[in-house]
Amino acid sequence: TVIRAELRKLNLHCLVDSDNSNPAVITIALNKNQDSVKMGEDLCKQGLLINYQSSYLKQRNWLQICIMGYIRYQDMTLLLDNLSMFCVHAEDELKN
């Protein structure tokens, strides 16, 4: 729920609300000016592994965050900080 709340602050749309989803899986539907593959690759370079490479995710421009087991607060913060930077960068590109 903390991650979902932070995603909302970033204006990232969770495909399924928390009442109707598996709490360990969060699917994010990105805006047209955002690229799920680029975002997934950038997160991977930071050591954050998320799902983005499946054909159905690529076709829909979706990302999936899967939280299996214990997640360290610093890893969650790193993920959210990187998503935030990506969103800001995508907005800046849209303005130019």
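Look up a bit, the structure's there.
Described in the following lines is the structure provided in the data block. (Residues numbered from 1 in each chain as written. Predicted model: local features only at pLDDT ≥ 70, side-chain atom pairs only at ≥ 80, totals over all residues. Heavy atoms only, no water.)

### A short note on the overall build of the protein chain
Short version of the rule: Helix numbering and strand numbering both begin at the N terminus, where a helix is a DSSP run of H or I of at least 4 residues and a strand a DSSP run of E of at least 2. Two things to know: the radius of gyration comes from C-alpha atoms, and the globule rule equals 2.2 Å times the number of residues to the power 0.38. Residue burial is assigned from relative accessible area. The probe radius is 1.4 Å, only protein chains are included, and a residue is buried under 20% of its type maximum, exposed over 50%, and partly exposed in between.
Of the regular secondary structure elements, the protein chain holds four helices and three strands. Helices and strands appear in the protein chain in the N-to-C order α-β-β-α-α-β-α. In terms of overall dimensions, the protein chain is globule-like: its C-alpha atoms have a radius of gyration of 13 Å, near the 12 Å expected for 96 residues. Taking all 96 residues of the protein chain together, 35% fall into the buried category.

### A short note on the sheet that holds strand β3 (residues 62–66)
The following threshold applies: Criterion used throughout: strands pair if DSSP finds at least two bridges between them. Any two residues whose heavy atoms approach within 4.5 Å are treated as being in contact. Between N-to-C directions, angles cover 0 to 180 degrees, with each direction set by a line fitted to C-alpha atoms, over the stretch in contact for helices.
On the basis of which strands lie adjacent, the open sheet formed by three strands has the order β1-β2-β3 and antiparallel pairing. Across the chains shown, the open sheet's two edge strands, defined by having one partner strand only, are β1 (13–14) and β3. As paired strands, β1 and strand β2 (residues 25–29) are joined by two bridges and run antiparallel to one another. Bridging across to β2, His 13 finds its partner in Ala 29. Each of β1, β2 and β3 touches helix α1 (residues 2–9); the most contacted strand, β2, lies at about 10° to it.

### Brief notes about the nonpolar core
For the record, the criterion: Residues grouped as a nonpolar core are buried Ala, Val, Leu, Ile, Met, Phe, Trp, Tyr and Cys residues, joined through side-chain atoms within 4.5 Å.
By size, the foremost hydrophobic cluster in this structure holds 20 residues, and its most contacted members are Leu 7, Ile 28, Leu 63, Ile 65 and Leu 83. Mapped onto this core, the elements with two or more residues apiece are α1, β2, α2 (36–45), β3 and α4 (73–95). With residues near it in sequence (within four places) discarded, Leu 7 still touches Leu 12, Cys 14, Ile 26, Ile 28, Ile 65, Leu 80 and Leu 83.

### Side note on the pairing of β3
Counting buried positions along β3 gives four out of five residues, so the element sits mostly inside the fold. In the sheet, β2 pairs with β3 via five bridges, with the strands oriented antiparallel. In the strand pairing of β3, Ile 28 is matched with Leu 63.

### Topic: the side chain of Asn 82
Following the sequence through the fold, Asn 82 ends up in helix α4. Not counting chain neighbours up to four residues away, the residues in contact with Asn 82 comprise Leu 43, Gln 46 and Leu 48.

### Details of the environment of Asn 61
Put simply, the rule reads: N or O atoms closer than or at 3.5 Å make up a polar contact, with two conditions inside protein: a donor-capable atom paired with an acceptor-capable one, and, for residues adjacent in sequence, both atoms drawn from side chains.
Along the polypeptide, Asn 61 turns up in the loop between α3 (55–60) and β3. Judged by its relative accessible area of 16%, Asn 61 is buried. Through-space distance from the C-alpha of Asn 61 to that of Ile 28 is 8.6 Å; in sequence the pair is 33 residues apart. Once you skip the residues sitting within four places of it in the chain, Asn 61 turns out to touch Ile 28, Ala 29, Leu 30, Asn 31, Gln 34, Asp 35 and Ser 36. Engagement of the side chain of Asn 61 in a polar contact is seen with the backbone oxygen of Gln 34, the distance being 2.8 Å.

What is shown is where atoms sit, not what they do.
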